[in-house]
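Residue strings, one per chain:
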Amino acid sequence: MPRLLSTALSLRRDPRLLRIPPYVSAFCIAIGVVWLLLLPLDDYSRRTYVSENALLPGQVHTYFGGSEQHIFRAFRHEVDLLADKNNYEVNDKLESILTGFGVKVGRQNYTYHSAGQKYTGENVYGILQAPRGDATEAIVLVAAWKSIDEQLNRNGIALVLTLARYFKRWSLWSKDIILLLPPDSTTGTQAWVDAYHDAHDSKHVSPLPLKSGALQGAIAIDYPHEQRYHELHIIYDGTNGQLPNLDLINSIVNIAGGQMGIETTVQQMTGHTDSYQDRLQTMLRGMLYQGLGYPTGPHSSFIPYHVDAITLQPTGEGWHDEMAMGRVVEGSFRSLNNLLEHLHQSFFFYLLMQKNRFVSIGTYLPSAMLLAANFTIMAIFLWVKSGQPTVKDVDSAKEKNDGMEHKGDAAQASWNPLAVERNLLSPLTFVAICHSISAIPLFVFNHLGLNTLPLAFLIFSVASTVLPAIFSFAAASLQKSTLQYFQLTKSFSLLILGVSLATLSTLNFSLAFLVGLLASPLTFIRPTNSVATRGIFAMLLIITSPPIVILTTAWTSGVTLTEVLKAASLGWNVWGMYTPIVIWCMWWPAWLVGMTNTLSPISKA
Amino acid sequence: MRSLLSFLPLLIPSALVSATEYHEQLNLRPLPLSALLASFNFRANTSIADFEAQNFRLFPRSLGQILQYAGTRELHLRFTLGRWDAESWGTRPWDGTREGGTGVELWAWLDAETDEEADEKWLTLTNALSGLFCASLNFIDGTRTIRPVVSFQPEGDHPNTTLANTRLLHGVLPHEVVCTENLTPFLKMLPCKGKAGIASLLDGHKLFDASFQSMAIDVRPICPSEGECVLQLEQTVDMVLDVDRSKRPHDNPIPRPPPGHDLICDTTKPYHKPDDACYPIDHLRGQDWTLSQIFGRTMKGTCPLTDAEVPPVCVHLPSTRDLFASQGAHEIRYPNNDSLRCYHIDQDSEFTLVLTKSEFPTEGGPLGIVKPETPVLYAERSFTGHGQEHGGVQAILTNPGDDSVEFVYMESLPWFMRVYLHTLSARISASSPNTNSSADLIKEIYYRPALDRARGTQLELLLSIPPRCTVFLTYDFERSILRYTEYPPDANRGFDVAAAVITTLEPKAMNIRTTSLLLYLPTPDFSMPYNVIIFTSTTVALAFGGIYNIIVRRMVGANEVPRTAMKDKVLAFIQKLKKKKSAVVAAAAAGGKASIEPVSGTSEAK
């Protein structure tokens, strides 16, 4: 044992040890990616199960149907009559219908400003008081007037009205049922949920005149689909990649599939064959939505307030009708009504492979953590190396002589225990400058008007490519840029990136993984005097630069740049989406430092 | 007197009460949509002299003895479920004085010289009542008890000398679910035990299916200006039934969609088509019911002990609507209140009432009911904020009338809700007509801060709201972290916070209670530690039990066991004691040397 220790200690002084970290970093990236690809396999993913016993999904008879369909048709006619009316006229009618059932109705005005545009509207909502309840808890049924695809949510609105009338007759509700009818699927629910939790900006969003108790769950119906449908699409991604409790999704899958015989699907994966490819595709789509952190439906706004919510969207052509949809909602509400405690049993961090297969955080987190660790390992390595000029000497000797005269012993002999003083001021200043100017794109893209946004983005893209060259020129003219300077700037920059990504991976795994993967070239670039290598590095970095990645993504997904920028600005201004911070304040400064280092000519020590 | 309480004058004023008497009355009042308020009132008097001599006749002995034992001067006990919808139902029955917050509420004046004595008697009282009413009243401990200063005043006539030596204690259990087991003891206290009279209509199924129900028990001494003092026991049940729900047959309570041809449709709609599209207008249909339909049984005569002067059933309906009573009952109308009709009933005949459908348009709006009176004050309370660290409470108090309202707002908060009193503020909403008088809304504050794990916060505010104004009363609080053993099994449900009690002083005295609240505290993830504890405990128990058994137990045949094992042991023990004694004696004689001897002695004895 002592011998083993002493060997280990002597190994610590072996300069060969210092050659390992870059390989470890590369290995971390490779393992991280392979790990993710392994997740869809049966051995790594699990079947879902309902964890909360109180839910008892699909255990009750649902009675919605029969003559309720006549009423549904009547309400749909009413909705058709209102199709061309403005928000206030629509709400007047909806209010009169709801008050007719004995539902208490409230209204709320809101105005949001984003990208120079004004998003204004009026929410109308009704509280169906639990017959014997005490306003301590509530569940929410949402149907936005305009669906996610900006169509008239014709069936959804009619269904909510019919269900409200039907629910009113039952005396078994233990929680109030709130019927929320916002004018659109994006801003309306956000204004309402913010105001419900008193987190609204009272200048733009008015407070709610009526309130109930703590929200226990929310189900949104997005049903502009005209024909009979084949399957239910469950949309579950919340703002900033937060997810609802898995039990809620499980219950719906259980009720729709087990009781009603309706297929369910997630992430628009129609015709999922449960093959490896389909599972991987579902998972990657889920990761993409999670990584973007953009709200995917009217339910998304609830999730940051720890209210579990999903949107149900009938799709495909089949034989299921509106009444079946109504029974699914009825069954789900009966399940939620059974809840004694807030949903807490099941998972909040998961990746769905299929409607009934998932990976939990314990299994998938290592892949993002490994990507983050690669930066940290490299940062520590560079820090150590920057204080050991002898190693640098050895390296430069290797470079010059193109061969090793004395290996092993000689290297050990040249080991100099006296570390060189690190000059910290200029590297720290440079990294600090890079991080502080990242506030500029963050501010600009979230405050500019829609007309100037694309132009600003293009100017910024060009500036972002030119800036490193200016920086490297300025740095070179200000001081003699030594190898130590480059090592230290890179070390600090990677250290920040590694730490932030590791933290982010516990909050939004997908975003951390995607940014980690795109930033991974930063680990390996280094200043060189060879023009060809420098060119290759520069090209690689330009391809993986944040503006270029955004442009490429927009182009490949068939969305215009304007729409992307508008959505990002809306996400920031309305939903408090933090993806822009990650991109502009974490990734972009790291890229800036890396690019500057690449372009800088190395001066001979 | 178009008040909801207009039936009060019918009850004989207390000045005329004789020493021993009993009466009961049921008031029915249809409310908007399909709601129907049924208000049962039972009142029994006994003279103080009889009570003190333990001579019980109409006053239940079980309760009387508890009151005597716990030295209770005046007692108020409330069991409440659901909420009163003041916006559509108007003023509360009895001006809110006969209802409590959700759950169980108890307040009493106890004979006590000191606070300690009061606590002791309070403990006795709550425990005894807990047994009597099958409610968890024994959980009203120090943390849930407060001593209100201004909110409650004695209702009975107490001589000033006794009042000086009494203490008022108030306790509330917001999470208590009121159910049939509380109704049975309630009915048992009645002289006719729910077998005859209006109490025969009280059925647990219907009562607890009501949208709002409140059971109240009030004991108070009444001293008329002439005559002797009496102790009055008043039992009240108020319930708001949903007529549609109540009319469903007992064996088929599921609200299945009706057949298409039974729907009541708006035929004027252009798209109306039978069996295709039907715009429902059933909410415009007025109420029609029979007494036996809504209560699930008929009324069995009157209680023989009741005062014959008081009509047992009264109904508040516009005089134009038709209401038919069964034979043998005769209707009384009152000239000063034309919307009231009462019925005298034969003692033995069954009684029922039939309300037929109103024909549009009738007096009192399309629904054909007496329009509910607007309450003096609307109160609503909710939590603000989110997250598990800080929170706020917001009470919205609206004065719809033309007079300014003065009232006491009382909160009894649990200790783990740490109130920041400096954040307490009252402001008049911007939409109100006079917004400049925000400063002097709160006139007085009585505040008794909480002590961790010992007592809760008591907050009483004297407020005044100008006419037609809405006031937002807000304060912030911090959620404290409990010890892990202090969490209930359903920790993630949250903790109930009792209703705020509002006692108006001007323009008229009445009570309002807000809804209770559900407070989330920071809750640890119990599943992991609990699983670990349960698994390790099980493993340890199984492994330890088995292994210990194998190590320690010696298997011997029945014939190998020495016959007098017990006797031997006893003898050996006596011998051991003897040796020890002799050894101690020897040790005392020969110094420390002999200390080994008793050890060897015992080993020999084995």
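All values reported here derive from a predicted model rather than from experimental measurement.

1. Quick look at the overall build of chain B
And step 1. Counting secondary structure elements, chain B contains twelve helices and 27 strands.
And step 2. Here chain B, with 606 residues, has 41% of them falling under the buried criterion.

2. A look at the interface of chain B and chain A
And step 1. With 41 residues of chain B at the interface, the matching set in chain A holds 35 residues.
And step 2. Among the elements of the structure, strand E3 (72-82), helix H8 (243-246), strand E17 (378-384) and strand E27 (517-519) of chain B are those that each provide at least two residues to the side of chain B that touches chain A.
And step 3. Class assignment of the residues belonging to the side of chain B that touches chain A gives a composition of 16 nonpolar, 13 polar and twelve charged.

3. Some details on helix H7 (residues 246-260) of chain A
Note: α-helices contain 3.6 residues per turn, so residues at a spacing of three or four share the same orientation.
Residues and elements named next belong to chain A.
And step 1. Relative to the 21 Å expected for 15 residues at 1.5 Å per residue, H7 spans 20 Å between its end C-alpha atoms, a close match to the ideal helical length.
And step 2. Among the 15 residues in H7, eleven count as buried, and that is most of the element.
And step 3. Within the span of H7, buried status applies to Leu246, Asp247, Leu248, Ile249, Asn250, Ser251, Ile252, Val253, Asn254, Ile255 and Ala256.
And step 4. Glycine 261, located one to two residues past H7, shows a positive phi value of around 70 degrees.

4. Notes on the confidence of the model for chain B
All names here are of chain B.
And step 1. The pLDDT averaged across chain B works out to 83; a share of 89% of its residues lies at or above 70.
And step 2. Predicted confidence for residues 1-17 stays below pLDDT 50, and this span has 29 contacts to residues more than four positions away or in other chains.
And step 3. Scored below 50 in pLDDT, residues 592-606 shows 16 contacts in the model against residues more than four places distant or in partner chains.
And step 4. For this predicted complex, the interface confidence score (ipTM) comes to 0.82, while the overall pTM stands at 0.86.

5. Some words on the UniProt feature "transmembrane region" (unreviewed entry) in chain A
And step 1. Following the UniProt record, the feature "transmembrane region" (unreviewed entry) maps to residues 20-39, 361-384, 424-445, 452-474, 494-519, 531-555 and 575-594 of chain A here.
And step 2. From the first C-alpha to the last, residues 20-39 of chain A spans 28 Å; its make-up is 95% helix and 0% strand.

6. Quick notes on the pairing of strand E8 (residues 263-266) of chain A
Residues and elements named next belong to chain A.
And step 1. Of the two faces of E8, the one holding Glu263 and Thr265 and the one holding Thr264 and Val266 are both buried throughout.
And step 2. Alignment of strand E7 (residues 229-235) against E8, held across four bridges, turns out to be parallel. Looking at the pairing, isoleucine 234 lines up with valine 266 of E8.
And step 3. In this region the chain leaves E7, passes through H7 and returns to the parallel neighbour E8; the handedness of that crossover is right-handed.

7. Looking at the domain arrangement of chain B
All names here are of chain B.
And step 1. Taken domain by domain, chain B comprises domain 1 (4-251 + 263-355), domain 2 (378-519) and domain 3 (559-605).
And step 2. In this structure, domain 1 and domain 2 have C-alpha centres spaced 28 Å apart.
And step 3. Tallying the contact residues gives 20 residues for domain 1 and 26 residues for domain 2.

8. Describing the sheet that holds strand E18 (residues 390-399) of chain B
Within a sheet, neighbouring strands are paired by backbone hydrogen bonds and run either parallel or antiparallel to one another.
Residue and element names in this part refer to chain B.
And step 1. The strand order across the open sheet built from four strands is E17-E18-E23-E20, with neighbouring strands paired in antiparallel fashion. The outermost strands of the open sheet, each flanked by one partner alone, are E17 and strand E20 (417-428). Shown here is a sheet whose adjacent strand axes are inclined to one another by a mean of 15 degrees, direction ignored.
And step 2. In terms of strand pairing, E20 meets strand E23 (residues 469-479) through eight bridges, oriented antiparallel. Paired with alanine 426 across the strands is leucine 473, a residue of E23.

9. Looking at the pairing of strand E2 (residues 35-47) of chain B
Residue and element names in this part refer to chain B.
And step 1. The element E2 is largely enclosed, with a buried count of twelve among its 13 residues.
And step 2. Strand direction decides the pairing type here: strand E1 (residues 21-30) and E2, joined by ten bridges, are antiparallel. When the sheet's bridge partners are listed, leucine 26 is paired in E2 with phenylalanine 40.
And step 3. Hairpin connection from E1 to E2: four residues lie between these consecutive antiparallel strands, with leucine 33 at a positive phi of about 55 degrees.
And step 4. Where E2 and strand E8 (residues 230-242) come together, 13 bridges link them in antiparallel fashion. Considered in E8, the bridge of alanine 35 is made with aspartate 242.

10. Topic: the nonpolar core
And step 1. Among the nonpolar cores identified, the biggest contains 296 residues, and A:Val160, A:Ala164, A:Leu179, A:Leu181, A:Ala218, A:Ile310 and B:Val240 are the most heavily contacted of them.
And step 2. Looking at which element gives the most residues to this core, the answer is helix H10 (residues 361-386) of chain A, with 13 residues.

11. Focus: the sheet that holds strand E9 (residues 289-290) of chain B
All names here are of chain B.
And step 1. One open sheet accounts for three strands, arranged E9-E16-E12; its pairing is antiparallel. The outermost strands of the open sheet, each flanked by one partner alone, are E9 and strand E12 (323-325).
And step 2. Pairing geometry for E9 and strand E16 (residues 353-355), over two bridges, is antiparallel. Each bridged residue has a counterpart across the sheet, and for tryptophan 289 the counterpart in E16 is leucine 355.

12. Side note on the domain arrangement of chain A
Residues and elements named next belong to chain A.
And step 1. Domain parsing of chain A yields domain 1 (21-41 + 364-398 + 421-599) and domain 2 (53-355).
And step 2. For domain 1 and domain 2, the distance between their C-alpha centroids amounts to 39 Å.
And step 3. Opposite the 24 residues of domain 1 that make contact, domain 2 presents 25 residues.
And step 4. Breaking the side of domain 1 that touches domain 2 down by element, the ones donating at least two residues are helix H17 (509-519) and helix H21 (561-575).
And step 5. The dominant element in the side of domain 1 that touches domain 2, judged by the number of residues it contributes, is H21, at eight residues.

13. Focus: the environment of A:Ala567
And step 1. Looking at the secondary structure, you find A:Ala567 in helix H21.
And step 2. Linking A:Ala567 and A:Leu428, residues 139 residues apart in sequence, is a C-alpha distance of 35 Å.

14. Quick look at the packing of helix H8 (residues 276-292) of chain A against H17(A)
Between two packed helices, both the angle of their axes relative to each other and the distance between the axes serve to describe the pair.
Residues and elements named next belong to chain A.
And step 1. Packing of H8 against H17 brings their axes to within 7 Å, and their N-to-C directions diverge by 95 degrees. The orientation of H8 relative to H17 falls into the category roughly perpendicular. Facing Met287, Gln290 and Gly291 of H8, the residues of H17 in contact are Ser510, Leu511, Phe513 and Leu514.
And step 2. For the contact of H8 with H17, the residue count by class is four nonpolar, three polar and no charged.

15. Quick word on the environment of B:Val501
All names here are of chain B.
And step 1. Its location among the elements puts valine 501 in strand E25 (residues 501-506).
And step 2. Residues valine 501 and isoleucine 445, 56 residues apart in the sequence, show an inter-C-alpha distance of 15 Å.
And step 3. Every residue in contact with valine 501, bar those within four places of it in the chain, is listed here: Gly101, Ser151, Met410, Asn511 and Arg513.

16. What to know about helix H15 (residues 453-478) of chain A
All names here are of chain A.
And step 1. For H15, spanning 26 residues, the distance from its first C-alpha to its last is 35 Å, which sits close to the expected 38 Å at 1.5 Å a residue.
And step 2. Taking the largest bend as the criterion, H15 deviates by roughly 30 degrees, centred on valine 466, and proline proline 468 comes between one and four positions later.
And step 3. Listing the buried residues of H15 in full gives Leu453, Phe457, Pro468, Phe471 and Ala475.
And step 4. Where the residues of H15 are buried, they touch helix H13 (425-437), H21 and helix H22 (579-599).

17. Remarks on unusual backbone geometry
And step 1. Residue B:Pro507 is reached from B:Glu506 by a cis peptide bond, and omega for that bond is -5 degrees.
And step 2. Phi is positive for A:Ala115, which is not a glycine, with a value near 50 degrees.
And step 3. Examined against the element boundaries, A:Ala115 turns out to sit in the loop between strand E2 (104-114) and strand E3 (117-128).
And step 4. Given 23 C-beta atoms within 10 Å, A:Ala115 falls into the buried group.
And step 5. The phi dihedral of B:Gln54 falls on the positive side, at around 55 degrees, and the residue is not glycine.
And step 6. Relative to the helices and strands, B:Gln54 is located in the loop between helix H1 (48-52) and helix H2 (61-69).

Thresholds applied
Residues numbered from 1 in each chain as written. Chains lettered and ligands numbered in written order. Predicted model: local features only at pLDDT ≥ 70, side-chain atom pairs only at ≥ 80, totals over all residues. Helix = DSSP H or I, 4+ residues; strand = E, 2+ residues; numbered from the N terminus. Buried ≥ 20, exposed ≤ 12 C-beta atoms within 10 Å, placed from the backbone. Contact = placed C-beta atoms within 7 Å. Nonpolar A, V, L, I, M, F, W, Y, C, P; charged D, E, K, R; others polar. Expected span 1.5 Å × (residues − 1). pLDDT = per-residue confidence, 0-100. UniProt positions renumbered as here; feature names shortened; annotations may be inferred. Pairing = 2+ DSSP bridges. Right-handed = clockwise from strand over helix to strand, strands pointing away. Domains from an automatic or database assignment. Axes fitted to C-alpha atoms, helices over the stretch in contact; angles between N-to-C directions. Core = buried A, V, L, I, M, F, W, Y, C linked by C-beta atoms within 7 Å. Parallel < 35°, antiparallel > 145°, perpendicular 65-115°, else oblique. Bend = angle between axes of the 7 residues up to and from the residue.

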